[in-house]
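# Observations on the three-dimensional arrangement
For reference, the chains in residue letters:
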Amino acid sequence: MKYVLVTGGVVSGLGKGVTASSIGVVLKACGLRITSIKIDPYLNTDAGTMSPFEHGEVFVLDDGGEVDLDLGNYERFLDIKLTRDNNITTGKIYQSVIDKERKGEYLGKTVQVVPHITNAIQEWIERVAMIPVDGKEGPADVCVIELGGTIGDIESMPFIEALGQFSYRVGPGNFCLVHVSLVPVMNVVGEQKTKPTQHSVRGLRGLGLTPNILACRSTKELEDNVKEKLSQFCHVPAANILTLYDVSNIWRIPLLLRDQKAHEAILKVLNLDRVESISSIVREPKLDEWVARATIFDALQDTVRIAMVGKYTGLSDSYLSVLKALLHASVDCHRKLLVDWVASTDLEDSTAIEAPDAYKSAWDLLKGADGILVPGGFGDRGVQGKILAAKYAREKNVPYLGICLGMQIAVVEFARHVMNLTDANSTEFDPNTKTPCVIFMPEGSKTHMGATMRLGSRRTFFKVADCKSAKLYGNATYVDERHRHRYEVNPDMVPDFENAGLQFVGKDDTGRRMEIIEIPNHKYFVGAQFHPEFKSRPSKPSPLFVGLVAAASGQLDRVLQDRCNGHAVPAKHLLSNGSYTPTVHQNGHPKKLANGLSNGTYYANGNGVHA
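Please read these numbers as outputs of a predicted model, since none were measured by experiment.

## Side note on the overall build of the protein chain
A tally of helices and strands in the protein chain yields 20 helices and 25 strands. A burial count over the protein chain gives 59% of its 611 residues as buried. When contacts within the protein chain are restricted to residue pairs at least 6 apart in sequence, those whose partners lie at least 24 apart make up 73%. For the protein chain, the accessible surface area stands at approximately 24,800 Å², while carbon and sulfur atoms represent 49% of it.

If you want it as structure tokens, here you go:
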């Protein structure tokens, strides 16, 4: 097993996750099998109890693991399925060591950070690296490890020590350290400054780790004299100093690495440049699909506007997977995505009195959208605003997609305003409601928060063959999607809902859990109890998101027909001729796409995406 460790310095938020993912993409394109591990130095056992404002979204895996959002980057970029153990936290490590101590497995030894914690970290890495994640048998060839935080963080110290020991244990030729650092440009003089990176590398070396490759984040490409200076002071060959400068979209980052021969530098450090001792055949990276997708994205002209109605709209990372799924679907439908963030509290009547300008702005955004999306969430803040958004979408025939809570509030709204059950509610928000449309799951826990929800991949069976959802999934009889919820639609009220015109087109194997709702005579009104965004991939967009964007851009009938007939998704048609500077039509005339970068800026941490 070969290991690539990605660390970060100077400041957080440089995009280590995207960098680690992109390194994996380039190595995979060379013919290697890749797996990934994310190390988070916080004491939480997992990300499940953390606020989205605190740490961004909680990404859910097939096995029910609630993990860091960077594992979502790994899965989307590499098209793999990771496990909960691919996310290492301080809490997990200490818990495992304390459990062993309580069982007497240390034979009376004094349990210390070194060697017991550091050994546990190394053993965890070696064990998890051997787990296949790409659907094939046997271990991968390379494990890409990302260490969260920045060098010098006090909570990272046990991991730094463990990784220093680990690099010595596995030996030269099996370990490559890529250090992501910042090279700022001072606006006053316009000069790229190397001192922050010098200090960061010096700190890293002082802790026992020496970088083999520097990945420098900057607004523009590094100048040659800057590379030479970094090489001299950081003891890294100039050929191993890469620039991750701002590009037009996230899919160009693997291309940046390829163009700067990052794969050659990594393969050389890992002794894979000429040795054929592994199962795969190392070759020049083939990234034709990435080139085509990035070029198509830059050329998109026609827009589709989606209103995202939620309560964590102040931090886009809170809905990162939803944004990515929308992006995948919009490219699939040849539309440039525009997302309007609508704080659900701003739609409520109380805001009209307290902050009339915010109220008007929120409703203007909602009414100007081509489609409305209400994502998942917890707690009662902003729920009334989400209900009003669902009501507007239903009454005005605006395409709507509700995810998890977004489905539940659509059910509550339907009960209140179609079935005239004015006191209808979820017991999450009113435990004493006389009309409980949404109830607490029987097996849930009200005393423990962590990992007590319905989590992970569960099967949904389509009960209505002629529904939009089944067609979007290619007339499938069932689908496996990931869940994360404590409340569910009250099964005792389902017959009343169906008599009133709300269809429950997807249910679990027992028929008691409602998974997908639709309003048949609506342009597109779909709610899913599961989270379809977690399995969306650039090359395989989530069907329900494709349905939303297609309906919002007037393409739903064609998309449904294509999927029912088993045709390739529309975005792939541009790739079929093998051209990577494809031709699109603008105002009826062919327009050749530019090879260079287009408008807009994509920052490696995801904050600058067009949405």
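Still to come is the rest of the account.
## Examining the packing of aromatic side chains
Applying the stated criterion across every chain, the model contains 14 aromatic pairs. Arranged with centres 6.4 Å apart and planes meeting at 50 degrees, the rings of phenylalanine 414 and phenylalanine 497 form a pair that is tilted. Here phenylalanine 414, found in helix H16 (residues 405-417), pairs with phenylalanine 497, found in helix H18 (residues 494-500); they are 83 residues apart in sequence, far enough to count as distant. Classification of phenylalanine 497 as buried rests on a relative accessible area of 0%. One aromatic cluster is present, formed by Tyr3, Phe166 and Phe175 through successive ring pairs. Stacked on the ring of tryptophan 251, the Lys or Arg arginine 293 has its end atom at 5.7 Å from the ring centre.

## With respect to the pattern of salt bridges
Under the counting rule described, the total for this entry stands at 33 salt bridges. Its salt-bridge partner being arginine 252, residue aspartate 298 comes within 2.8 Å of it at the nearest N-O pair. Of this pair, aspartate 298 sits in helix H11 (residues 288-299) while arginine 252 sits in the loop between strand S11 (241-245) and helix H9 (253-259), placing them 46 residues apart in sequence. By relative accessible area, aspartate 298 is classed as buried at 14%. Note that aspartate 259 is salt-bridged to arginine 258, the shortest N-O span being 2.9 Å. Several salt bridges share partner residues, and in doing so they unite Asp62, Glu75, Asp79, Lys81, Arg482, Arg537 and Lys540 into one network.

## Some thoughts on the sheet that holds strand S20 (residues 487-489)
Strand order in this open sheet of three strands is S16-S17-S20, and the pairing throughout is mixed. Edge positions in the sheet fall to strand S16 (424-426) and S20, since each of these pairs with one other strand and no more. Ignoring which end each strand starts from, the neighbouring axes of this sheet average 25 degrees apart. Pairing geometry for S16 and strand S17 (residues 435-440), over three bridges, is parallel. Bridging from a neighbouring strand, asparagine 425 pairs with proline 436 of S17. Contacting S16, S17 and S20, H16 crosses the sheet at an angle of about 165 degrees to S16.

## Points about the side chain of serine 542
Relative to the helices and strands, serine 542 resides in the loop between strand S23 (525-528) and helix H19 (543-552). Setting aside residues up to four positions removed in sequence, serine 542 forms contacts with Pro532 and Ser536.

## Focus on the nonpolar core
Residues Val4, Leu27, Leu326, Leu373, Leu544 and Phe545 are the most contacted members of the largest nonpolar core, which totals 97 residues. Of the residues forming this core, the biggest block, eight residues, is contributed by H19. Once residues within four sequence positions are removed from consideration, leucine 373 is found in contact with Ile306, Ala307, Met308, Val309, Val322, Leu326, Leu401, Ile403, Phe545 and Leu548. Counting 44 residues, the second-largest nonpolar core is a separate cluster that includes Tyr400, Leu405, Phe429 and Met514.

## With respect to helix H6 (residues 157-170)
Residues spaced three or four apart along an α-helix point in a common direction, a consequence of the helix completing one turn every 3.6 residues. The end-to-end C-alpha separation of H6 is 20 Å, in line with the 20 Å expected for 14 residues at 1.5 Å each. Looking one or two residues beyond H6, the residue adopting positive phi is glycine 171, at roughly 85 degrees.

## Observations regarding the sheet that holds strand S10 (residues 213-218)
What the seven strands build is an open sheet, ordered S5-S2-S6-S1-S7-S10-S11; its pairing is parallel. With partners counted over all chains shown, the strands left at the sheet margins are strand S5 (87-89) and S11, one partner each. Here the strands of the sheet are splayed against their neighbours by 20 degrees on average, with no regard to which way each runs. This element, helix H5 (residues 113-129), spans strand S1 (2-8), strand S2 (34-40), S5 and strand S6 (142-147) of the sheet and lies at about 150 degrees to S2. The strands touched by helix H10 (residues 262-269) within the sheet are S1, strand S7 (175-182), S10 and S11, with S7 carrying the most contacts at an inclination of about 140 degrees.

## Some points on the environment of aspartate 364
Here aspartate 364 shows up in helix H14 (residues 356-367). Here aspartate 364 falls in the partly exposed class, since its relative accessible area comes to 42%. As for aspartate 364 and valine 342, which are separated by 22 residues in sequence, their C-alpha atoms are 9.8 Å apart. Among the polar contacts listed, one links the side chain of aspartate 364 to the side chain of lysine 360, at a separation of 2.8 Å.

## Points about the pairing of strand S14 (residues 371-374)
Residues of S14 alternate between two faces, with Gly371 and Leu373 on one and Ile372 and Val374 on the opposite face, all of them buried. Here three bridges tie strand S12 (residues 303-310) to S14, and the two strands are oriented parallel to one another. Across the sheet, isoleucine 306 pairs through a bridge with glycine 371, a residue of S14. The sheet contact formed by S14 and strand S15 (residues 400-403) spans three bridges and is parallel. Its bridge partner lying in S15, valine 374 is registered against glycine 402. Once you follow S14 into helix H15 (residues 383-396) and on to S15, the crossover reads as right-handed.

## Observations regarding the environment of arginine 563
Position of arginine 563 among the secondary structure elements: in helix H20 (residues 556-564). Taking the relative accessible area as the measure of exposure, arginine 563 reaches 15% and is therefore buried. It is 9.4 Å that separates the C-alpha atoms of arginine 563 and proline 543, two residues lying 20 residues apart in sequence. At 3.1 Å, the side chain of arginine 563 and the backbone oxygen of leucine 472 are in polar contact.

## Quick notes on the pairing of strand S19 (residues 478-485)
Across the eight residues of S19, six count as buried, placing the element largely inside the fold. Where strand S18 (residues 454-462) meets S19, eight bridges bridge the pair, whose relative direction is antiparallel. Across the sheet, phenylalanine 461 pairs through a bridge with tyrosine 478, a residue of S19.

## Digging into H5
For H5, spanning 17 residues, the distance from its first C-alpha to its last is 23 Å, which sits close to the expected 24 Å at 1.5 Å a residue. Packing partners of the buried residues in H5 comprise S1, S2, S5, helix H4 (90-102), S6 and H6.

## Things to note about the confidence of the model for the protein chain
Of all residues in the protein chain, 89% attain a pLDDT of 70 or more, and the chain-wide mean is 88. pLDDT under 50 marks residues 447-451. Its contacts with residues more than four places away, or in other chains, come to five contacts. Here residues 568-611 is modelled with pLDDT under 50, and outside its nearest four sequence neighbours on either side it reaches 101 contacts, counting other chains as well.

## Brief notes about a negative patch on the surface
Residues Glu221, Glu223, Asp224 and Glu228 make up a contiguous surface patch of negative charge. Assignment of secondary structure puts glutamate 223 in the loop between S10 and helix H8 (224-234).

The rules behind these values
Residues numbered from 1 in each chain as written. Predicted model: local features only at pLDDT ≥ 70, side-chain atom pairs only at ≥ 80, totals over all residues. Heavy atoms only, no water. Helix = DSSP H or I, 4+ residues; strand = E, 2+ residues; numbered from the N terminus. Buried < 20%, exposed > 50% of the residue type's maximum accessible area, 1.4 Å probe, protein only. Contact = heavy atoms within 4.5 Å. Areas by Shrake-Rupley, 256 points an atom, 1.4 Å probe, with all protein chains shown as cover. Phe/Tyr/Trp six-rings, centres within 6.5 Å; stacked < 30°, edge-to-face > 60°. Lys NZ or Arg CZ within 6 Å of the ring centre and 35° of its normal. Salt bridge = Lys/Arg side-chain N within 4 Å of Asp/Glu carboxyl O. Pairing = 2+ DSSP bridges. Axes fitted to C-alpha atoms, helices over the stretch in contact; angles between N-to-C directions. Core = buried A, V, L, I, M, F, W, Y, C linked by side-chain atoms within 4.5 Å. Expected span 1.5 Å × (residues − 1). Polar contact = N/O pair within 3.5 Å; in protein donor to acceptor, adjacent residues only side chain to side chain. Right-handed = clockwise from strand over helix to strand, strands pointing away. pLDDT = per-residue confidence, 0-100. Patch = residues over 30% accessible without salt bridge, like charges linked within 9 Å, V, L, I, M, F, W, Y side chains within 5 Å. Lys, Arg positive; Asp, Glu negative; His and termini not counted. Charge placed at Lys NZ, Arg CZ, Asp CG, Glu CD.

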